[in-house]
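# Examination of the molecular architecture
The lines below spell out each chain.
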Amino acid sequence: MGPALFPVAVLAAALAIDLAFGDPPNRWHPVAWLGGVIATARRRLAHGPPRWLLVNGAIVTIGIAGCAAVAGLLVARAAAALGVAGLVLEAAALSSCLAVRGLWRAAAEVAAHLDAGDMRGARVALAWHLVSRPTAELAEGEIAAAAVESVAENLTDSIVAPALMYLAFGLPGATVYRAVNTADAMLGYREGALEHFGKFAARADDLLNLIPARVAALAIVVAAALMHAAPARALRILWRDRRKTSSPNAGWTMAAMAGALGVRLAKRDAYVLGDGPLPAAQDIRRSLALMAVAAGLALTVAAMVTIGVLR
C-alpha cells in the first residue's frame, strides 16, 4: 500500500473498530491510564501559590503529552515493520483516540430517558457520560440542550480533531491531542487551584482545536444542507453566536448545531446560543444524525487532501 493511502486506510479501520466495539474497559484503555496519571498528579501537585500551580500544571500537561507522543511513535514504528498487519495494529491504537460509538450511545441514552419521562435517569446519564456541570436541577429542555451541546462539541473533540491530527502528524499527533484534551477535561476549570493548575492544559487544548473546531462547524452547515435542515440559519447563528462561550472553539460547533436544529442551547449564567425553543429528545437524535453526516464530510475531505498531498 502506498504512503498516500496508508494513513487514510488506518483512519477508516480505526473508525470501523470504534463503531463496532466502542471503548474497551478502563483497565485496557490508554485514555483511562492517562486519566489516572493526571488524577494522581492533581492530588500531589495542585497546591501552593499561583506561580507554582502554573508551573506544576504545565509540567504535568507536557509530561503526559510527551509520554503519549513516545507511545504513539513506538506503536507507529512497530506497525511500519509489520506490513499489512501493522495497519491493524495502528488502527487499533488510533481507535483509542476516537469515541464515536461511546458518544452516540451516551446521547441516545439521555434521549431514551427523556422519552420515557424519566428525568432522574436522564440527569444521571447526562452527568455520568456527557457533562461536568451539576444536573440535579436541570429541567427537561436544559437536559436535552446539554446533550445536544455535548454532541456538537464532541464532533470536534472525539472525531474531527484526533483524525486531523493523525492525518497531519501520524499516530504521535493523535495521541498527543488525546492526552492534552484529557488533561483539559480533568484540569481546565476556573475554580480553586485549577484556575492556575489547569491553565496550561486549557490553553494547549484551545490551540490544538483551533482549526478542527472551525472545520467541524462548517461541516455541520454543509450537513444541514444535505439533510434538508436549515443551512442558512446554521451559518447565520454560527457567525452570530460563535464567541458567546468561554471557550474560543466550543461555540463554533454548538452555535452551528443550534442554528441547524432551530433550537436554543442555554447554560445557566453562561450563554444562550441560537433562537427558538429549548430542544427535546427528538432533537438529540437529530443532532446525532447531523454529527454523523458532518463527521463523514469533514473526514472525507481531509482524506482527499491527504492523498493529494502525499501522492
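Presented here is a report on the structure given in the accompanying data block. (Residues numbered from 1 in each chain as written. Predicted model: local features only at pLDDT ≥ 70, side-chain atom pairs only at ≥ 80, totals over all residues. Heavy atoms only, no water.)

### Focus: the overall build of the protein
- Helix and strand content of the protein: 13 helices and 2 strands.
- A globule of 311 residues ought to have a C-alpha radius of gyration of about 19 Å, and the protein, at 19 Å, matches this closely.
- Counted over contacts in the protein with a minimum sequence separation of 6, partners at least 24 positions apart contribute 70%.
- In the structure as shown, the protein presents an accessible area of about 14500 Å², 66% of it carried by carbon and sulfur atoms.
- Separation between the mean location of the 28 positive side-chain charges and that of the 21 negative ones in the protein comes to 4 Å. (Helix = DSSP H or I, 4+ residues; strand = E, 2+ residues; numbered from the N terminus. Rg over C-alpha atoms; globule rule 2.2 N^0.38 Å. Contact = heavy atoms within 4.5 Å. Areas by Shrake-Rupley, 256 points an atom, 1.4 Å probe, with all protein chains shown as cover. Lys, Arg positive; Asp, Glu negative; His and termini not counted. Charge placed at Lys NZ, Arg CZ, Asp CG, Glu CD.)

### A look at the pattern of salt bridges
- Counted by the stated rule, this structure contains 10 salt bridges.
- A salt bridge links D206 to R203, with the nearest nitrogen and oxygen atoms 3.7 Å apart. Taken together, the positions of D206 and R203, both in helix 9 (residues 199-208) and 3 residues apart, correspond to about one turn of that helix.
- Using a relative accessible area of 17% as the deciding quantity, one classes D206 as buried.
- Via salt bridges that share partners, R236, R240, D241, K244 and D275 belong to a single interconnected network. (Salt bridge = Lys/Arg side-chain N within 4 Å of Asp/Glu carboxyl O. Buried < 20%, exposed > 50% of the residue type's maximum accessible area, 1.4 Å probe, protein only.)

### A few points about helix 6 (residues 119-129)
- Taken together, the buried positions of helix 6 are occupied by G121, A122, A125 and L126. Down the axis of helix 6, the sector holding all buried residues measures 130°, keeping them to one side. Opposite the buried face of helix 6, by more than 90 degrees, sit the exposed residues R120 and W128.
- The secondary structure elements touched by the buried residues of helix 6 are helix 5 (100-115) and helix 7 (140-187). (Arc of directions from axis to C-beta.)

### Quick notes on helix 12 (residues 250-261)
- In a regular helix each residue adds 1.5 Å, so 12 residues correspond to 16 Å; helix 12 covers 17 Å between its end C-alpha atoms and thus fits that length.
- Counting buried positions over the 12 residues of helix 12 gives 12, a clear majority of the element.
- Of all the positions in helix 12, only A250, G251, W252, T253, M254, A255, A256, M257, A258, G259, A260 and L261 are classed as buried.
- Those residues of helix 12 hidden inside the fold are in contact with helix 7, helix 10 (210-226), helix 11 (231-241), strand 1 (265-267), strand 2 (271-273) and helix 13 (281-310).
- One or two steps after helix 12, the chain reaches G262, where phi turns positive at roughly 70°. (Expected span 1.5 Å × (residues − 1).)

### A word on the nonpolar core
- L94, V110, L126, L130, L155 and I284 are the most contacted members of the largest nonpolar core, which totals 71 residues.
- Setting aside chain neighbours within four positions, we find L126 in contact with V110, V131, T135, L138, I143, A146 and A147.
- Ranked by size, the runner-up nonpolar core spans 14 residues in total, among them A41, I64, A68 and A183. (Core = buried A, V, L, I, M, F, W, Y, C linked by side-chain atoms within 4.5 Å.)

### What to know about the packing of helix 2 (residues 30-45) against helix 3 (residues 50-81)
- Contact geometry of helix 2 with helix 3 gives a least axis separation of 11 Å together with a crossing angle of 160°. Judged by the angle between their axes, helix 2 and helix 3 are roughly antiparallel. Helix-helix and strand crossings are classified by hand; for helix 2 and helix 3 the assignment is right-handed. Of the residues in helix 3, those touching helix 2 at L34, V37, I38, A41 and L45 are L53, N56, V60 and I64. (Axes fitted to C-alpha atoms, helices over the stretch in contact; angles between N-to-C directions. Parallel < 35°, antiparallel > 145°, perpendicular 65-115°, else oblique. Left-handed = near helix turned anticlockwise from the far one by under 90°.)

### Thoughts on the packing of aromatic side chains
- The final tally for this structure, using the stated rule, is 0 aromatic pairs.
- The side chain of R242 reaches across the aromatic face of W239, ending 3.7 Å from its centre. (Phe/Tyr/Trp six-rings, centres within 6.5 Å; stacked < 30°, edge-to-face > 60°. Lys NZ or Arg CZ within 6 Å of the ring centre and 35° of its normal.)

### Considerations on the layout of surface pockets
- In this structure, the second largest pocket spans a volume of roughly 530 Å³.
- What lines the second largest pocket is a set of 25 residues, among which P30, W33, A93, S96 and T175 lie closest to the centre.
- When residues of the lining of the second largest pocket are traced back to their parent elements, those giving at least two are helix 1 (6-21), helix 2, helix 3, helix 4 (84-95) and helix 7.
- Per-class residue counts for the lining of the second largest pocket are 18 nonpolar, 5 polar and 2 charged. (1 Å grid on protein atoms, 1.4 Å probe; cavity = no way out; pocket = protein on both sides within 12 Å on 5 of 7 lines; lining within 4 Å. Points joined across faces, edges and corners; volume = space filled by probe spheres on them. Nonpolar A, V, L, I, M, F, W, Y, C, P; charged D, E, K, R; others polar.)

### A closer look at unusual backbone geometry
- The phi dihedral of H228 falls on the positive side, at around 55°, and the residue is not glycine.
- Following the sequence through the fold, H228 ends up in the loop between helix 10 and helix 11.
- Residue H228 is classed as exposed on the basis of its relative accessible area, which comes to 74%.
- Here D269, not a glycine, exhibits a phi torsion of approximately 60°, which is positive.
- Structurally, D269 can be placed in the loop between strand 1 and strand 2.

### A few points about the packing of helix 10 against helix 11
- Axis separation between helix 10 and helix 11 bottoms out at 8 Å; the angle between their running directions is 160°. Relative to helix 11, helix 10 is oriented roughly antiparallel. Contact residues: helix 10 offers A217, L218, V221, A224 and A225, while helix 11 offers P231, A234, L235 and L238.
- Residue composition of the contact of helix 10 with helix 11, by class: 9 nonpolar, no polar and no charged.

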